[in-house]
Amino acid sequence: MTGAEEDGPGPGPLRTDLHAHTDFSDGRDPLGVVVKAAEAAGLTTLVLTDHVRADTTYLPGYVAAVRAAQSSTPVRLVCGVEAKILDTEGRIDLPGDLTGIEHVALADHRFPLPDGPAHPDAVRALLDEGRLAPDEALRLLVLATARAVERVPEGRTAHVAHLFSVLPKTGLDESGVDAELLEPLVRACRAHGTAVELNEKWRCPSVRTARLLHRAGVRLAAGSDAHRAEAVGRFPWVSGALAKATTEAPWTS
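Report follows, based on the coordinates. (Residues numbered from 1 in each chain as written. Predicted model: local features only at pLDDT ≥ 70, side-chain atom pairs only at ≥ 80, totals over all residues. Heavy atoms only, no water.)

Moving on, we come to the sheet that holds strand β3 (residues 76–84). With parallel pairing, seven strands are arranged side by side in an open sheet as β1-β2-β3-β4-β7-β8-β9. This sheet does not close on itself; its edge strands, each paired only once, are β1 (16–20) and β9 (220–223). Direction aside, the axes of adjacent strands within the sheet are offset by 30° on average. Pairing geometry for strand β4 (residues 103–107) and strand β7 (residues 157–160), over four bridges, is parallel. The residue bridging Ala-105 from the neighbouring strand is His-159, located in β7. (Pairing = 2+ DSSP bridges. Helix = DSSP H or I, 4+ residues; strand = E, 2+ residues; numbered from the N terminus. Axes fitted to C-alpha atoms, helices over the stretch in contact; angles between N-to-C directions.)

See the structure below:
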């Protein structure tokens, strides 16, 4: 995928961070500071995932900066972007020209419905009014994510970023997630070699969901979602969640 396969699910330090931001988008720190933080954290691979939309124009400068940084660090830098899933067809909010972009982090920044991305408050209203059932909302979100995995532009790797982070914003949670519901996403991830990130910032997906994915053969990986350099490669929650999700101990959280 991106080199993340070097990290096993068992005990020991995590050496790949799939998800970090710089001041090219909404990160606080410039690229050079973020790279130095990755070195200090002992990372071997850092996937840079600054936010983009269809109208983003900064990519040429971003790609050039990452290429320049690659020559001056022992950390393997992957030039990626983070983009939201738009609808249940899995369309992704990406610029048309992805020259130099190697990787895409697929994100649920809005709730993907058949007619487009909905603000969580709008989804909460649909749920409160009975116009959208909780189980149907979960099904649509999983379906959209699975289809986005299948629509990643050719020649790029991808991972699913902060799976289900949008749910609490709508008043939903992961209690309704089971193996049957996850099956479309499992099939897509396995077919495309796409990992699901355990996200340090949002602490999602839950250990229970992660265990279901792991048992189904989906690879789990670590993402700090760092917006400040000092958070790069730091995984206090993720490391424990990965250990619990990939063992058969009777954890319930």
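Buried within helix α7 (residues 207–215) are the following residues: Val-207, Thr-209, Ala-210, Arg-211 and Leu-213. In this fold, the buried residues of α7 make contact with α6 (179–192), β8 (195–199), β9 and α8 (236–245). Just downstream of α7, Gly-217 is the residue with a positive phi angle, here 90°. (Buried < 20%, exposed > 50% of the residue type's maximum accessible area, 1.4 Å probe, protein only. Contact = heavy atoms within 4.5 Å.)

Quick look at the nonpolar core now. Counting 78 residues, the largest nonpolar core has Leu-46, Tyr-62 and Val-232 as its most contacted members. Ranked by residues supplied to this core, first place goes to helix α4 (residues 134–150) with nine residues. Among residues more than four places away in sequence, those in contact with Leu-46 are Asp-17, Ala-20, Val-34, Ala-38, Val-75, Arg-76, Leu-77, Val-78 and Val-232. Membership of the second largest hydrophobic core comes to five residues, among which are Leu-18, Val-47, Val-78 and Ala-195. (Core = buried A, V, L, I, M, F, W, Y, C linked by side-chain atoms within 4.5 Å.)

Honestly, it's all geometry; don't read function into it.
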